[in-house]
Amino acid sequence: MKLHLLPSITLLPPPHDNAADEQIIEEWARGLDWVKWLLGSVRARMEVLLVENEAQTVAAAWRVFAEGRLRDEVGPALKAAWHAAHAGDVAGLIAADTRLTALLSPAAAVRSVRAGAVLLKSTRHARYQGVLGRLREAVEQGQCSGHIAVVWAAVGHFFQLSLANVIAEYLHLEWDIAMRDEVVIVKPSGRHSIPGLTSQIMHDVMAAVALHVVDA
């Protein structure tokens, strides 16, 4: 399967701290149909990603994810990896991936790496991959694990997605997988909504605990 860049991608300027930017992020976070297709293999093959429903409602599990793993681990990794991809910095991508391996629980890390492998496989035949191709080589050579957040940030940059799009689409992926078996789905609102969480990650509000390398 060959993937091609689509001409309908809209690039928007980086957000600033005002009400107009919140509206921009709201628009960014609505979801892109072609990106949903691009991540379809991950949705199809992962029963659980990083939103864990441990004998609680899915809504409660989403809040736990938003206030814990997303804030402390995945959000900073998405942002660091996108900036590294934007700079063509494969070492930065490897570093972000290594940090996630250190921070995620063993079970979550296994799922994250499995999802990353699915996405790498589905984009293998895209042409002129640049830093994405170098990340793929690093994973194949055992230099890093290939967590889904890092792989997705590199794939998103390859397809010319803004950081806000990359964050929002990752959240859509988590939400869709978590909601798969739900009969009644009520989307989260306010600070736990996809636009709300995207805005918080973009403005570093969630990074109260810095992503760091844990020494072995």
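Just above, that's the structure.
All figures in this text were calculated on a predicted structure; none of them were measured in a lab.

(A) Here's a closer look at the overall build of the protein chain. Helix and strand counts for the protein chain stand at 11 helices and zero strands. A buried classification covers 50% of the 216 residues belonging to the protein chain. In the protein chain, the share of contacts with a sequence separation of at least 24, taken over all contacts with a separation of at least 6, comes to 79%. In the form shown here, the protein chain has an accessible surface area of approximately 10600 Å², with 56% of it arising from carbon and sulfur atoms.

(B) Seen up close, the side chain of Gln200. Structurally, Gln200 is set in helix H11 (residues 194-202). Overall, Gln200 belongs to the buried group, its relative accessible area being 11%. At 2.7 Å, the side chain of Gln200 forms a polar contact with the backbone oxygen of Arg191.

(C) Quick peek at the environment of Val58. Locating Val58 in the fold gives a position in helix H4 (residues 58-67). The spacing of Val58 and Ala178 is 120 residues in sequence and 7.0 Å in space, taken between C-alpha atoms. Not counting the four nearest positions on each side in its chain, Val58 is found in contact with Asn53, Ala178, Met179 and Glu182.

(D) Geometry of helix H10 (residues 163-178). Between its terminal C-alpha atoms H10 stretches 23 Å, which fits the 22 Å expected from 16 residues at 1.5 Å a residue. Across the 16 residues that make up H10, a large majority, 14, are buried.

(E) Structural detail: the packing of helix H5 (residues 69-86) against H11. One can describe the packing of H5 onto H11 by two numbers: an axis separation of 10 Å at closest approach and a directional angle of 70°. With respect to their mutual orientation, H5 and H11 come out roughly perpendicular. Contacts between H5 and H11 pair Leu70, Gly75 and Lys79 from the former with Leu197, Ile201 and Met202 from the latter. Classifying every residue of the contact of H5 with H11 gives four nonpolar, one polar and one charged.

(F) Representation of the pattern of salt bridges in the model. Scanning all chains against the criterion turns up seven salt bridges. Between Glu67 and Arg191 there is a salt bridge whose closest N-O contact spans 3.8 Å. Pair noted here: Glu67 is in helix H4 and Arg191 is in the loop between H10 and H11, with a separation of 124 residues, a long-range link. For Glu67, a relative accessible area of 39% puts it in the partly exposed group. Via salt bridges that share partners, Glu52, Arg69, Glu73 and Arg111 belong to a single interconnected network.

(G) The arrangement of the packing of aromatic side chains in detail. Applying the stated criterion across every chain yields a total of three aromatic pairs. On the basis of an interplanar angle of 85° and a centroid distance of 5.0 Å, the ring pair of Phe158 and Phe159 is categorised as edge-to-face. One aromatic cluster is present, built from ring pairs that chain together Trp62, Phe65 and Trp175.

(H) Looking closely at the side chain of His147. By the element assignment, His147 lies in the loop between helix H8 (131-140) and helix H9 (148-158). In this structure, His147 is in contact with Asp97, Leu100, Thr101, Leu104, Ala109, Ser112, Val113 and Gly116, ignoring residues within four places of it in sequence.

(I) Geometry of the packing of H9 against H10. Two numbers describe how H9 lies on H10: the axes approach to 10 Å, and their chain directions differ by 130°. With respect to each other, H9 and H10 are oriented oblique. Read as a crossing pair, H9 and H10 show a hand that is right-handed. Contact residues: H9 offers Ile148, Ala149, Trp152, Ala153 and Gly156, while H10 offers Val166, Glu169, Tyr170 and Leu173. Broken down by class, the residue content of the contact of H9 with H10 amounts to seven nonpolar, one polar and one charged.

Conventions adopted
Residues numbered from 1 in each chain as written. Predicted model: local features only at pLDDT ≥ 70, side-chain atom pairs only at ≥ 80, totals over all residues. Heavy atoms only, no water. Helix = DSSP H or I, 4+ residues; strand = E, 2+ residues; numbered from the N terminus. Buried < 20%, exposed > 50% of the residue type's maximum accessible area, 1.4 Å probe, protein only. Contact = heavy atoms within 4.5 Å. Areas by Shrake-Rupley, 256 points an atom, 1.4 Å probe, with all protein chains shown as cover. Polar contact = N/O pair within 3.5 Å; in protein donor to acceptor, adjacent residues only side chain to side chain. Expected span 1.5 Å × (residues − 1). Axes fitted to C-alpha atoms, helices over the stretch in contact; angles between N-to-C directions. Parallel < 35°, antiparallel > 145°, perpendicular 65-115°, else oblique. Nonpolar A, V, L, I, M, F, W, Y, C, P; charged D, E, K, R; others polar. Salt bridge = Lys/Arg side-chain N within 4 Å of Asp/Glu carboxyl O. Phe/Tyr/Trp six-rings, centres within 6.5 Å; stacked < 30°, edge-to-face > 60°. Left-handed = near helix turned anticlockwise from the far one by under 90°.

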